[in-house]
Every structure is written in structure tokens, then in C-alpha cells.
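Structural features, examined
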Amino acid sequence: MLWSAVKVAARAALDFALPPRCAGCGSIVGDVHSFCPDCWKQIEFLGNSGCTTCGIPLQATEQDTCGRCLAQPPRIARSRAAVAYDDLTRGLAIRLKYGRKVAIARTMARFMAPLVGEGDERLLVPVPLHRTRLWSRGFNQSALVARELSRRLGISVEASMLRRTRRTPPLKGMSPVQRRKTVAGAFAIADRAAVAGKTIILVDDVLTTGSTAEACARTLRRAGAARVELVSWARVVKPSQLMR
Ligand SMILES: [Zn+2]
Ligand SMILES: [Zn+2]
């Protein structure tokens, strides 16, 4: 009784003197960086299932790789997202983006870390913001997550290797072709030697159509990266693609 009280007190002190709260709704939970049972039930964890390349849930007729990846292998050799994008998981991304909540980055990294592929010569590279956006916000949310992933996995993070050379408008509402055109050539590599031969693990918060990540991958491969992978917190999945 007394010992458990001491343990709780010690953990509370470590956790900024607050009891752990559900990252979804804020109710008090027993474990740090976790979700309450109600939120847990609502979240669609994607994990390592789905297409071995792009990670989207497979149709009954497909085996390990989806038809699209077979027809045209994407530049990103392996994409994984921890959860499907919905109101709850979007809420976390928004609180991280505008609130600089390191606890949120830790929660995301906890669920993203197991999805990072094995291999040598790996580097974590957050999808960059343009410097004007970085200045106005003060931080890059994907870099916060990359740092937490680095702590968990022991892989170095290179937050300034990939730069966004021009500001791009929000891609929401654009067709896939418009998106591709908008982000084409928007990225550059600071030090090509640091990329050559490496497996780059791009880190992003939310994956929608993937055009931004594809443009990053294109730049990285041109600079000599051996392989580009992507790990994100949430991805947009059509309800019909989820097999509940
Ligand atoms: Zn909750
Ligand atoms: Zn695929």
C-alpha cells in the first residue's frame, strides 16, 4: 500500500507532477503515453499489416503487395502509419502542431517506433517545414516526433539535412496531379555526402496522398540515398479499406 503510493508519487514527480492522462480525451489512465479503453476502442491501429510496400490495407484478392505497388513500385520502399486518421488521431496531430506538446510526440513515437524497419546505416529525417513557417511556429512537429523516435530506437536524427526550398500552399482539395506539381522541386539536400548510401526514414505526422513524402523521397534518392522509408503517426484510409 505504502510502496505503491511511493511508486505512484515517484512516477508523478517524473511526469511533471501530474498523473498520466489519456492522449485522446485527457481522462486519467494507469500508464504514461497511452489511451483510455474508450479511446483505444475508437482508434484504428494499422500496425504492420497491409501492403508490405505502401502499408494500405489489402483487398481480398491481393497477397503481400497491393496492385498499385506491383504495377508501379513507389519511390518510398516502405510506408507505415501507426493509426488511421480520424477525429481523435487528428486531434493529437493538431495539439502537437500548435501546442508543442512533447508528451504528444512521445505518445506518437511509442506507437510509431515498432513500425520502423530493421537495417544498417539508417537516419531519421523529419519532413521539413519551410523556414518562414518554421520561424512563425518556432518548431517542426515532425522533428519533435523524430527526436522521440531517435531516443527509442537509437537511430540518429538529421533535422536539417532536408530543406524545403519554397513555401507550398496547402494541398487539401487538389487533385493528385496538382499536388505532385505543387511539391515537385520544393526540397533540397544540404549535404549530399551525408545521404549517400543511407537508408533514410522520413518522419511525418499525417500522411494524406503521400505527394509531399514522394517529393522528399525523389530528392533524397537523387542525392544518393540507398533507400527511403516513411513512418507517420496517422494516414488517411478510406473506410472501405478498413477491415473491421
Ligand atoms: Zn481517452
Ligand atoms: Zn502498396
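Everything in this summary refers to the structure shown in the same document. Numbering of residues starts from 1 in every chain and runs along the sequence as written. Both sets of labels track the order of writing: A upward for chains, 1 upward for ligands. Totals for whole chains, interfaces and linings use every residue, but because this is a predicted model, local features are given only for residues with pLDDT of at least 70 and side-chain atom pairs only at 80 or more, for both listing and counting. Each side-chain value is derived from all of the structure's non-hydrogen atoms; neither hydrogens nor water enter the calculation.

Side note on the coordination of the zinc ion (ligand 2)
Excluding water, the donors of a metal are its N, O and S neighbours within 2.8 Å, or within 3.2 Å for Na, K and Ca, and that exclusion means sites may look incomplete. Only Cys51 (SG), Cys54 (SG), Cys66 (SG) and Cys69 (SG) from the protein coordinate the zinc ion (ligand 2), and they sit 2.3 Å from it. Key to geometry: four donors with every angle between 85 and 135 degrees are tetrahedral; four donors are square planar and six octahedral where opposite donors lie over 155 degrees apart and all remaining angles lie between 65 and 115; all other sites are irregular. Metal-centred angles of 103 to 117° between the 4 donor atoms at the zinc ion (ligand 2) mark the site as tetrahedral. Counting residues between consecutive donors of the zinc ion (ligand 2) along the chain gives the motif C-x2-C-x11-C-x2-C.

Structural notes on helix H4 (residues 87-99)
With 13 residues, H4 extends 17 Å between its outermost C-alpha atoms, agreeing within 8% with the 18 Å of an ideal straight helix rising 1.5 Å per residue. Every buried residue of H4 is listed here: Leu88, Thr89, Leu92, Ala93 and Leu96. Down the axis of H4, the sector holding all buried residues measures 150°, keeping them to one side. Exposed side chains of H4 directed beyond 90 degrees from the buried face belong to Asp87 and Tyr98. Taken together, the buried residues of H4 touch helix H2 (37-42), strand S1 (78-84), helix H5 (102-112), helix H7 (141-153), strand S5 (199-207) and strand S6 (227-235). We call two N or O atoms a polar contact when they sit within 3.5 Å, provided that within protein one can donate a hydrogen and the other can accept it, with sequence-adjacent residues counted only if both atoms are side-chain atoms. Only runs of H or I of at least four residues qualify as helices and only runs of E of at least two qualify as strands under DSSP, and these elements are numbered from the N terminus. If you check the start of H4, you find a side-chain oxygen 3.1 Å away from the backbone N of Leu88, and it comes from Asp86. Immediately downstream of H4, the backbone of Arg100 shows phi near 45°, a positive value. Helix span is expected to be 1.5 Å times the residue number reduced by one. Throughout this description, buried means an accessible area under 20% of the type-specific maximum (1.4 Å probe, protein chains only), exposed means over 50%, and partly exposed covers the range between. Within this analysis, the arc is defined by the directions that extend from the helix axis to the C-beta atoms. Note on contacts: a residue pair qualifies if any of its non-hydrogen atoms lie within 4.5 Å across the two residues.

Details of the packing of aromatic side chains
Whether two aromatic rings pair depends on their centres lying within 6.5 Å, for rings of Phe, Tyr and Trp, where Trp uses its six-membered ring; planes under 30 degrees apart make the pair stacked, over 60 edge-to-face, and the rest tilted. Enumeration according to the criterion identifies 4 aromatic pairs in this entry. Both rings, one in Phe35 and one in Phe111, keep their centres 5.6 Å apart while their planes meet at 45°; by these two values the pair is tilted. With Phe35 in the loop between helix H1 (2-14) and H2 and Phe111 in helix H5, this residue pair connects regions lying 76 residues apart in the sequence. Using a relative accessible area of 15% as the deciding quantity, one classes Phe111 as buried.

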